[in-house]
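Next come the chains, spelled out residue by residue.
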Amino acid sequence: QVQLVESGGGLVQAGGSLRLSCAASGRTFSSYAMGWFRQAPGKGREFVATITWSGGNSYYADSVKGRFTISRDNDKNTVYLQMNSLKPEDTAAYYCAAAPAVWGITTVETNYHYWGQGTQVTVSS
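Not measured: the values here are computed from a predicted model.

S.K.: In this structure, what is going on with the side chain of Asn111? I would like to understand it.
M.R.: Within the secondary structure layout, Asn111 lies in the loop between strand S9 (92–100) and strand S10 (114–115). A relative accessible area of 9% means that Asn111 is categorised as buried.

This is how it looks when you write it as structure tokens:
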């Protein structure tokens, strides 16, 4: 089992920045690729970003590319999502998730076995 706890959400004006954190406990953190997903009100959950177990490779949804950066610190068992130039359409609950490292870069929700409870990000115009 892996337990994931997100933090860092909040209310920010358009153009502002936030950094989300996701702290993991349980099984070896470095055994997992990590991803961020989000779900806006009335919409399905969508992929945002993912990073391999080593941190050596990452991949982003087109909607956030160039504005968001995913990173991880395996010594601290934490993955981060730095969000810059935020837009009102980024408003959503953000979830971190863990996928077995064998998946590498994956955007498929069902490949992620463990999920956090989510943290709310609200961007005002």
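S.K.: Hey, could you run me through the sheet that holds strand S3 (residues 18–26) in this one?
M.R.: Working definition: the strands of a sheet are paired by backbone hydrogen bonds and lie parallel or antiparallel to each other. One open sheet accounts for four strands, arranged S1-S3-S8-S7; its pairing is antiparallel. For this open sheet the edge positions go to strand S1 (2–7) and strand S7 (68–73), each flanked by a neighbour on one side alone. Strand-to-strand twist across the sheet, computed as the mean angle between neighbouring axes with direction ignored, equals 15 degrees. Where S7 and strand S8 (residues 78–83) come together, six bridges link them in antiparallel fashion. Bridge pairing in S8 places Arg72 opposite Val79.

S.K.: Please explain the pattern of salt bridges as it appears in this structure.
M.R.: If the charged atoms of two oppositely charged side chains come close together, the side chains can form a pair. All chains considered together, the criterion is met by five salt bridges. Across the pair Glu46 and Arg38 runs a salt bridge, and its minimum N-O distance is 2.6 Å. Between Asp62 and Lys65 there is a salt bridge, and its shortest N-O distance comes to 3.1 Å. Three or more residues are tied together by salt bridges with common partners; here these are Arg38, Glu46, Arg67 and Asp90.

Basis of the calculations
- Residues numbered from 1 in each chain as written.
- Predicted model: local features only at pLDDT ≥ 70, side-chain atom pairs only at ≥ 80, totals over all residues.
- Heavy atoms only, no water.
- Helix = DSSP H or I, 4+ residues; strand = E, 2+ residues; numbered from the N terminus.
- Buried < 20%, exposed > 50% of the residue type's maximum accessible area, 1.4 Å probe, protein only.
- Pairing = 2+ DSSP bridges.
- Axes fitted to C-alpha atoms, helices over the stretch in contact; angles between N-to-C directions.
- Salt bridge = Lys/Arg side-chain N within 4 Å of Asp/Glu carboxyl O.

Scope: geometric values only; no functional claims are made or implied.
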